[in-house]
Amino acid sequence: MNYWLLKTEPEEFSIDDLQNKAGAEIWEGIRNYQARNIIRDQIELNDRVLIYHSSCKNVGVAGVGEISKAGYPCPYQFEKSHKYFDPKAESGSPRWYVMDVKFVEKFSSLVSLKQIKQESILKDMVLVKQGRLSVQPVTKDEFEKICSLGRSD
DNA sequence: GCCAACGTTGGC
DNA sequence: GCCAACGTTGGC
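As a starting point, this report considers the structure included with it. Since we're looking at a predicted model, the values are computed, not measured.

## Points about the protein's contact with DNA strand C
Here is step 1 of the chain: Surrounding DNA strand C, one finds Tyr 33, Gln 34, Lys 88 and Arg 132.
Here is step 2 of the chain: Each atom of DNA strand C within 4 Å of the protein was classed as base or backbone; sugar and phosphate made up 64%.
Here is step 3 of the chain: Within the side chain of Arg 132, a nitrogen or oxygen atom sits 3.0 Å from a base oxygen of DNA strand C.
Here is step 4 of the chain: Looking at the surface near DNA strand C, its residues break down into one nonpolar, one polar and two charged.

## A closer look at the nonpolar core
Here is step 1 of the chain: In terms of nonpolar packing, the biggest core is built from 20 residues, with Trp 27, Ile 43, Met 99, Val 101 and Val 135 touching the most fellow members.
Here is step 2 of the chain: For this core, the elements supplying multiple residues, two or more each, are strand E1 (3-8), helix H1 (15-20), helix H2 (33-41), strand E3 (48-53), strand E4 (60-73) and strand E5 (97-112).
Here is step 3 of the chain: Once residues within four sequence positions are removed from consideration, Trp 27 is found in contact with Leu 6, Lys 7, Thr 8, Phe 13, Ile 51, Val 98, Met 99 and Val 101.
Here is step 4 of the chain: Phe 107, Leu 127, Val 138 and Ile 146 belong to the second-largest nonpolar core, a separate cluster that totals 18 residues.

## A look at the pairing of E5
Across a regular strand the side chains alternate sides, sitting on one face of the sheet and then on the other.
Here is step 1 of the chain: With three bridges joining them, strand E2 (residues 25-27) and E5 adopt antiparallel strand pairing. The residue bridging Trp 27 from the neighbouring strand is Met 99, located in E5.

## Digging into the side chain of Asp 100
Here is step 1 of the chain: Within the secondary structure layout, Asp 100 lies in strand E5.
Here is step 2 of the chain: The buried charged residue Asp 100 lacks any salt bridge partner; its closest oppositely charged side chain belongs to Lys 69, at an N-O distance of 5.2 Å.
Here is step 3 of the chain: Apart from residues lying up to four places away in sequence, Asp 100 is in contact with Ala 24, Glu 25, Ile 26, Glu 66, Ile 67, Ser 68, Lys 69 and Tyr 72.

## With respect to the side chain of Glu 66
Here is step 1 of the chain: As for its placement among the helices and strands, Glu 66 is situated in strand E4.
Here is step 2 of the chain: Glu 66 sits in the buried class, given a relative accessible area of 11%.
Here is step 3 of the chain: When neighbours within four sequence positions are excluded, Glu 66 is seen to be in contact with Asn 46, Asp 47, Arg 48, Val 49, Asp 100, Val 101, Lys 102 and Val 104.

## Details of the state of the cysteines
Here is step 1 of the chain: Under the defined criterion, the tally for this structure stands at zero disulfides.
Here is step 2 of the chain: For the unlinked cysteine Cys 147, the closest cysteine sulfur is that of Cys 56, found at 19 Å.

## Points about H2
Here is step 1 of the chain: Along H2, the residues that are buried comprise Ala 35, Arg 36, Ile 38 and Ile 39. The arc enclosing the buried residues of H2, seen along the axis, measures out at 160°, which places them on a common side.
Here is step 2 of the chain: Looking at the buried positions of H2, the neighbouring elements they touch are E1, E4, E5 and strand E6 (135-138).
Here is step 3 of the chain: Near the N-terminus of H2, the side chain that reaches the backbone nitrogen of Gln 34, with its oxygen 3.0 Å away, is that of Asn 32.

Basis of the calculations
- The numbering scheme is per chain: residues are counted from 1 as the chain's sequence reads.
- Naming scheme: in the order in which they are written, chains are lettered from A and ligands are numbered from 1.
- The predicted nature of this model means local features are confined to residues of pLDDT at least 70 and side-chain atom pairs, given and counted, to a pLDDT of 80 or more, with totals for whole chains, interfaces and linings taken over all residues.
- Excluding hydrogens and water, the side-chain values take into account all heavy atoms of the structure.
- Residues are labelled near a given molecule or strand when at least one of their non-hydrogen atoms is within 4 Å of it.
- By the criterion applied in these results, polar contacts are pairs of N or O atoms within 3.5 Å in which, for protein atoms, one can donate a hydrogen and the other can accept it, and in which residues neighboring in sequence qualify only through two side-chain atoms.
- As a working rule, the residues Ala, Val, Leu, Ile, Met, Phe, Trp, Tyr, Cys and Pro are called nonpolar, Asp, Glu, Lys and Arg charged, and the rest polar, with Gly in that last group.
- Residues enter a nonpolar core if they are buried and are Ala, Val, Leu, Ile, Met, Phe, Trp, Tyr or Cys, with the set joined through side-chain atoms within 4.5 Å.
- Three labels apply to residues, based on accessible area from a 1.4 Å probe with only protein chains included: buried if under 20% of the type maximum, exposed if over 50%, partly exposed otherwise in between.
- Secondary structure counts use DSSP, requiring at least four H or I residues in a row for a helix and at least two E residues in a row for a strand, with both numbered from the N terminus.
- By the convention used here, residues are in contact when the closest approach between their heavy atoms is within 4.5 Å.
- In this scheme, strands are said to pair when DSSP sees at least two bridges between them.
- All tallies of charge rest on Lys and Arg as positive and Asp and Glu as negative; His and the ends of each chain are not included.
- Basic side-chain nitrogens of Lys or Arg form a salt bridge, by our definition, when they fall within 4 Å of a carboxyl oxygen of Asp or Glu.
- A pair of sulfur atoms, both from cysteines and within 2.5 Å, is called a disulfide here.
- An arc is given here, and it is the one of the directions from the helix axis to the C-beta atoms.

Following this line, the structure appears as structure tokens:
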């Protein structure tokens, strides 16, 4: 099993929105090739994901989700009236991919970016080293450390 | 293929 | 709102 971190702006879609969803959520709108390649080539069913709240008052990891459907072509890139329509996408070779995510756990306390930067075991996270990547790999140790921080207090 | 100009992300 | 750190676009 692999571990990942997914960024989301909580004003758009938060861990609470994921929790309140009856089924799985389509993780849409990733328009970055590095992130696209990860979704298309690496993310597998049942992988675990950290849900990270960005661009908000309290930035940090809010909880955990699970991949309920591995990467598949984003259906919206071909729908002309859709917000995520891409005129350069061709059906033979899709440009963009999505995945389905379902809720697993909301942390009792948010693991803030500040906290993450203070932990020596977490200081090499992609989150810290490369700010702008909305889908990124996390090691098992990093994943477990963040979970234990989130479950404490 | 280079690189300048522009656009976006995201913490603060 | 500012600005650094990217990523993308397009002329040459």
